[in-house]
Amino acid sequence: MKRIGFVGVPGSGKSAVARGVAASAYNRIGKVELVGEYARRFLTKYGAVTDVFDQFRILQKQLEWEDIVPEKEIDVSITESPIHMGFLYVMEMRNPDNEKDTMYVNDIFKTMNKVNCPTRYDVIFHLPPLWLPSHDGVRPDNQFEENWRIESDSRIQFIFKLFPPKHFVTIQGTTLDARIEECLSFCEKAFKPNVGTPEVPIPSDKLSYTGLLGSRMGVQNNDPFEKYDNPSFYAK
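Just so it is clear, the structure is predicted and the values come from calculations on it, not from any experiment. (Residues numbered from 1 in each chain as written. Predicted model: local features only at pLDDT ≥ 70, side-chain atom pairs only at ≥ 80, totals over all residues. Heavy atoms only, no water.)

In terms of regular secondary structure, the chain is built from 7 helices and 6 strands. Starting at the N terminus and walking to the C terminus, you meet the elements of the chain as β-α-β-α-α-β-α-α-β-α-β-α-β. Among the 236 residues that make up the chain, the fraction classed as buried is 48%. Within the chain, residue pairs in contact and separated by at least 24 positions form 81% of the contacts whose partners lie at least 6 positions apart. (Helix = DSSP H or I, 4+ residues; strand = E, 2+ residues; numbered from the N terminus. Buried < 20%, exposed > 50% of the residue type's maximum accessible area, 1.4 Å probe, protein only. Contact = heavy atoms within 4.5 Å.)

See below:
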């Protein structure tokens, strides 16, 4: 089974692109399972993520969600929140004078290092920021600041130098559909599926979901992600 993930700052379109790729994957890269982002479930149930321990909990649950995908039945596991993304927020939340924070940061780092040996992800798609996230009342104000978004985007790329996938690909497209197509085309070449398979409707048993609950990250004004919000889209 191949694993692919999508990374980027809030508003980069991780969820929408991941779902768009999943919707078109069966005819192009095989049977897929889409793994949702546990952090969304955490926000809905417990409110804002406020400390390093919260991030440690989110890491453990995200890892569980990814690992329950049945490897013998699925060709490609797609996650909209690879476990290493949590390290971005851990670096900001850690209080260097707090011994518990230091302990949890060490545990998080060791866990990420351990699960990446052997390499965990076949492809990580990096989505540069194009849109702003929605004001959901939970997201910190600094995530809407341009300087934070630029710096965090650079940190994300650094994180995946520490925990490298087999392929790290920065997507160049500037529209939702272009980004989806760019990801699918890369996967077709990297995974080398059979060429010339006639297109058929996606059977309902060929696309499954793990943790696909919780509100999606939106954008201001015109929302290009809307059609990917409805789970019925994936059963077309």
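What follows picks up the thread again.
Here helix H6 (residues 146-162) spans 25 Å end to end across 17 residues, near enough to the 24 Å set by a 1.5 Å rise per residue. Its buried side turned inward, H6 meets strand S1 (2-7), helix H4 (86-93), strand S4 (123-126) and strand S5 (167-170). (Expected span 1.5 Å × (residues − 1).)

Under the defined criterion, the tally for this structure stands at 14 salt bridges. Glu188 is the partner of Arg28 in a salt bridge, and the nearest nitrogen-oxygen pair spans 2.9 Å. Taken together, the residues span a long stretch of sequence, with Arg28 in the loop between helix H1 (14-24) and strand S2 (32-35) and Glu188 in helix H7 (residues 176-191) at a distance of 160 residues. What makes Glu188 partly exposed here is its relative accessible area of 28%. Between Glu66 and Arg120 there is a salt bridge whose closest N-O contact spans 3.1 Å. (Salt bridge = Lys/Arg side-chain N within 4 Å of Asp/Glu carboxyl O.)

This paragraph deals with a nonpolar patch on the surface. Side chains of Phe109, Phe158 and Leu162 sit close together on the surface and give an oily, nonpolar patch of about 260 Å² of accessible area. Assignment of secondary structure puts Leu162 in helix H6. Judged by its relative accessible area of 35%, Leu162 falls in the partly exposed class. (Patch = residues over 30% accessible without salt bridge, like charges linked within 9 Å, V, L, I, M, F, W, Y side chains within 5 Å. Areas by Shrake-Rupley, 256 points an atom, 1.4 Å probe, with all protein chains shown as cover.)

Turning our eyes to something else, we now look at the packing of helix H3 (residues 52-67) against helix H5 (residues 99-115). Close contact between H3 and H5 brings their axes to 9 Å; oriented N to C, the two are set at 20 degrees. Looking at the two axes, H3 sits roughly parallel to H5. In terms of crossing hand, the pair formed by H3 and H5 is left-handed. Contacts between H3 and H5 involve Val52, Phe53, Gln55, Phe56, Leu59, Gln60 and Leu63 from the first element and Asp101, Tyr104, Val105, Asp107, Ile108, Thr111, Met112 and Val115 from the second. Partitioning the contact of H3 with H5 into residue classes produces 10 nonpolar, 3 polar and 2 charged. (Axes fitted to C-alpha atoms, helices over the stretch in contact; angles between N-to-C directions. Parallel < 35°, antiparallel > 145°, perpendicular 65-115°, else oblique. Left-handed = near helix turned anticlockwise from the far one by under 90°. Nonpolar A, V, L, I, M, F, W, Y, C, P; charged D, E, K, R; others polar.)

Moving on to unusual backbone geometry. Following Cys117, the chain continues to Pro118 via a peptide bond in cis, the omega torsion being 5 degrees. Along the chain, the position of Pro118 falls in the loop between H5 and S4.

For the rest of this paragraph, the subject is the packing of aromatic side chains. Taken as a whole and judged by the stated rule, the model has 10 aromatic pairs. With a centroid separation of 5.0 Å and an interplanar angle of 50 degrees, the aromatic rings of Phe42 and Tyr46 are classed as tilted. You can see Phe42 and its partner Tyr46 sitting in helix H2 (residues 38-46), 4 residues apart, about one turn around the helix. Judged by relative accessible area, which is 6%, Phe42 ranks as buried. Arranged with centres 5.4 Å apart and planes meeting at 40 degrees, the rings of Phe56 and Tyr104 form a pair that is tilted. Here Tyr104 lies in helix H5 and Phe56 lies in helix H3, a separation of 48 residues in the sequence. Since its relative accessible area comes to 17%, Phe56 is described here as buried. An aromatic cluster of at least three residues, connected via ring pairs, comprises Phe6, Phe125 and Phe186. When the ring centre of Tyr121 is taken as origin, the NZ or CZ atom of Arg120, which lies over that ring, is 5.8 Å away. (Phe/Tyr/Trp six-rings, centres within 6.5 Å; stacked < 30°, edge-to-face > 60°. Lys NZ or Arg CZ within 6 Å of the ring centre and 35° of its normal.)

Attention now goes to the side chain of Ser12. In this fold, Ser12 is placed in the loop between S1 and H1. At 2.8 Å, the side chain of Ser12 and the backbone oxygen of Val9 are in polar contact. (Polar contact = N/O pair within 3.5 Å; in protein donor to acceptor, adjacent residues only side chain to side chain.)

Turning to the packing of H4 against H6, a few remarks are in order. Contact pair H4 / H6: the axes reach a minimum separation of 9 Å and the direction vectors enclose 120 degrees. The orientation of H4 with respect to H6, classified from their angle, is oblique. Here H4 and H6 pass one another in a crossing that is right-handed. Here Phe87, Leu88, Tyr89, Met91 and Glu92 of H4 come into contact with H6, specifically with Trp148, Ser152, Arg155, Ile156 and Ile159. Of the residues assigned to the contact of H4 with H6, the class counts are 7 nonpolar, 1 polar and 2 charged.

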